[in-house]
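Now for the letters of each chain:
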Amino acid sequence: LIPSSDYHLKSRLSNFFDFFLQVFPGHGAGSPCGKGLSDDLWSTIGQERSTNPSLQIKDKREFISYLTCGQPTAPQYFRHCVNLNVVGAASLRDEVSTVKRCSAKECLETSGIVLDTRDAVDFAKSHLRGSLNIPKGGAGGTVIAAHEGNFAIWVGTLIPHGRKIFLVAYPGEEDVALVRLGRIGYKASAVICDSPAEWTSDGLDVVTHSQLFPNTPCLINDLTKDDSHVIIDVRTPGEYQSNHLNSAVNWPLDSLSEKLTTADRSRKYFCYCASGFRSSIAASSFSARGFDIVDLVGGFATLNVTCPAKTVTGKVSMEPKV
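S.K.: Lay out the overall build of the chain with the relevant residues and their values.
M.R.: A tally of regular secondary structure across the chain gives 16 helices and 14 strands. Taken over 322 residues, the chain has a buried fraction of 43%. When contacts within the chain are restricted to residue pairs at least 6 apart in sequence, those whose partners lie at least 24 apart make up 70%.

This is the structure in structure tokens:
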């Protein structure tokens, strides 16, 4: 087991000079390849020994349990990437340069999925019906933070490899998105190059969905006591169990599509995650299937701080905003 190897590595760390040896991360905050990963760009052995929860655990079984409990299922693209690394990948530059540019009308004549990489606010205001919104972020994957570095992970988790992808991106940012897709072995079939205004002019089905910023205790109180709608927490089971909004049910994002096949279409839904990244993806999934959905902007971080009394613990949680 890898966690067992990690335990032996942990024991060896005690032999190093604490604050002289630097550590650089192999994965960033929000990655499924670790637990409670920091968004720091570097650390030291001493800092990690002092602050990393896993390094405070002495017992081997307890250490392994801590690292493995509550972790999400490995994204389905992992297996494909392993095979691709064995046989060798095509030139990323060539892959990007050969992706054609088309109008949305042209793309929609072929079966596939529209992957909209714009931010959640712009997507909510106007998008092609059936689109999946996975915000690319503004740093092109160079910042190790949950809201910036998870684009490719969620593409590879939610979109089966080999599915035709029609990409929507801000003008000038198309190639960045294509490169990040290429890094996990995905290639878009085309980039949609016309604007939302042009989609409407062409008579395409352009829709919206609602967003709500729950910034007052009164608003959150009304949300939790109204039985006419359903509040969905799309975080992992571990995050949900640590604390969640009263009356919220846990439908983790990586298995949300299964829940939506049997969900009651007559109900209104509100969804939240930790900080708002995953809920924007979830809201687009609800919207694509025709549900009445409201994305709770700011996530549990906002809900918990604004009205801790309406959470199961009644306290403000000191959880990472992943």
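S.K.: So, the pattern of salt bridges: which residues are in play, and what are the values?
M.R.: Where charged atoms from two side chains of opposite charge approach closely, those side chains can pair. All told, the structure shown has eight salt bridges when counted by the stated rule. Across the salt bridge formed by K225 and D222, the nearest N and O atoms sit 3.9 Å from each other. One end of the pair is K225 and the other is D222, both in helix 12 (residues 217–225) and three residues apart, which spans about a single turn. Exposure remark for K225: the relative accessible area of 58% places this residue in the exposed category. We classify D222 as partly exposed; its relative accessible area is 36%.

S.K.: Tell me about the sheet that holds strand 12 (residues 249–250), and please be specific about residues and values.
M.R.: Strand order in the open sheet formed by five strands is 10-14-13-11-12, and the pairing between neighbours is parallel. The sheet is open, and its two edges are formed by strand 10 (210–212) and strand 12, each paired on a single side. In the sheet, strand 10 pairs with strand 14 (residues 292–296) via three bridges, with the strands oriented parallel. When the sheet's bridge partners are listed, L212 is paired in strand 14 with L296. Of the strands in this sheet, strand 10, strand 11 (229–233), strand 13 (268–272) and strand 14 are in contact with helix 12, which crosses strand 11 at around 105°. Sheet strands in contact with helix 15 (residues 277–288) are strand 11, strand 13 and strand 14, and its direction is about 175° off that of strand 14.

S.K.: Help me get a handle on unusual backbone geometry, residues and values and all.
M.R.: With phi around 75°, S247 is a residue other than glycine that occupies positive phi space. Inspection of the secondary structure assignment puts S247 in the loop between helix 13 (237–242) and strand 12. Exposure remark for S247: the relative accessible area of 47% places this residue in the partly exposed category.

S.K.: Mind laying out the pairing of strand 7 (residues 165–168), listing which residues take part and the relevant values?
M.R.: The alternating pattern of strand 7 places I165 and L167 and F166 and V168 on opposite faces, both of which are buried. In this sheet, strand 7 lies alongside strand 4 (residues 113–116) in parallel orientation, the contact comprising four bridges. When the bridges of strand 7 are listed, L115 appears paired with L167. Note that strand 7 and strand 8 (residues 190–192) share two bridges and pair parallel. Bridge pairing in strand 8 links F166 to A190. Where the polypeptide runs from strand 7 across helix 10 (residues 174–182) and back to strand 8, its parallel neighbour, the crossover connection is right-handed.

S.K.: Give me the packing of aromatic side chains: which residues, what numbers.
M.R.: As enumerated under the stated definition, the model contains seven aromatic pairs in all. When the centroid spacing of 5.6 Å and the interplanar angle of 80° are considered together, the rings of F286 and F291 count as edge-to-face. F291 gets classed as buried once you look at its relative accessible area, which sits at 6%. Here the basic side chain of R235 rests over the ring of F300, its NZ or CZ set 4.5 Å away from the ring centre.

S.K.: Account for the sheet that holds strand 6 (residues 132–133), with residues named and values stated.
M.R.: Spatial ordering of the open sheet is given by 3-8-7-4-6, a layout of five strands whose pairing is parallel. The sheet is open, and its two borders are formed by strand 3 (100–102) and strand 6, each paired with just one other strand. In the sheet, strand 3 pairs with strand 8 via three bridges, with the strands oriented parallel. By the bridge assignment, R101 is partnered in strand 8 with V191. Packing of helix 10 onto the sheet brings it into contact with strand 3, strand 4, strand 7 and strand 8, and relative to strand 7 it is tilted by some 140°.

S.K.: So what's going on with the environment of S103? Which residues, and what values?
M.R.: Mapped onto the fold, S103 is located in the loop between strand 3 and helix 6 (104–107). Considering only alpha carbons, one finds S103 and I192, 89 residues apart in sequence, at a separation of 5.3 Å. The contact partners of S103, leaving out residues within four places of it in the chain, are I192, C193 and D194.

S.K.: Residues and numbers for a nonpolar patch on the surface, please.
M.R.: Taken together, the side chains of F24, L41 and W42 make up a nonpolar region of the molecular surface, amounting to roughly 380 Å² of accessible area. By the secondary structure assignment, F24 is in the loop between strand 1 (22–23) and strand 2 (43–44). Note on F24: relative accessible area 57%, which makes it exposed.

S.K.: Tell me about the nonpolar core, residues and numbers included.
M.R.: Counting 41 residues, the largest nonpolar core has L115, I134, V155, Y269 and F286 as its most contacted members. Discounting residues that sit within four places of it in the chain, F286 has contacts with I232, W251, L256, L260, Y269, F291 and I293. Counting residues in each nonpolar core, the second largest holds 12 residues, with I220, I231, L245 and C307 among its members.

S.K.: Before we move on, can you summarise the side chain of N133 with the specific residues and values?
M.R.: Tracing the chain through its elements places N133 in strand 6. The contact partners of N133, leaving out residues within four places of it in the chain, are D116, T117, R118, D119, A120, F123, S280, I281 and S284.

Cut-off values and rules
Position labels on residues start from 1 in each chain and follow its written sequence. Residue-level local features of this predicted model are given only where pLDDT is at least 70; pairs of side-chain atoms are given and counted only at 80 or more, and the full residue set underlies all totals for whole chains, interfaces and linings. With hydrogens and water excluded, all non-hydrogen atoms of the structure serve as input to the side-chain values. Elements are defined by DSSP. Helices are runs of H or I of four residues or more, strands are runs of E of two residues or more, and each kind is numbered from the N terminus. The buried label goes to any residue with under 20% of its type's maximum accessible area, the exposed label to any with over 50%, and the partly exposed label to all in between, with areas taken from a 1.4 Å probe on protein chains only. It only takes one pair of heavy atoms within 4.5 Å for two residues to be counted as in contact. In the sections that follow, a salt bridge refers to a side-chain nitrogen of Lys or Arg positioned within 4 Å of a carboxyl oxygen of Asp or Glu. Pairing between strands is defined by DSSP: at least two bridges between them are needed. Between N-to-C directions, angles cover 0 to 180 degrees, with each direction set by a line fitted to C-alpha atoms, over the stretch in contact for helices. By definition, the crossover connecting two strands over a helix is right-handed if that path, from the first strand to the second, turns clockwise as seen with the strands pointing away from the viewer. The rule is short: rings of Phe, Tyr and Trp, with Trp giving its six-membered ring, pair when the centres are within 6.5 Å, and they are stacked under 30 degrees, edge-to-face over 60, tilted in between. Distance and angle both matter: a charge sits over a ring if NZ of Lys or CZ of Arg is within 6 Å of the ring centre and within 35 degrees of the ring normal. For patch detection, residues must exceed 30% relative accessible area and be free of salt bridges, and they are connected within 9 Å for like charges or within 5 Å for nonpolar side chains (Val, Leu, Ile, Met, Phe, Trp, Tyr). Computed with a 1.4 Å probe, the accessible areas rest on the Shrake-Rupley method; for each residue, only the protein chains presented here act as cover. By nonpolar core we mean a set of buried residues, namely Ala, Val, Leu, Ile, Met, Phe, Trp, Tyr and Cys, connected to one another through side-chain atoms within 4.5 Å.

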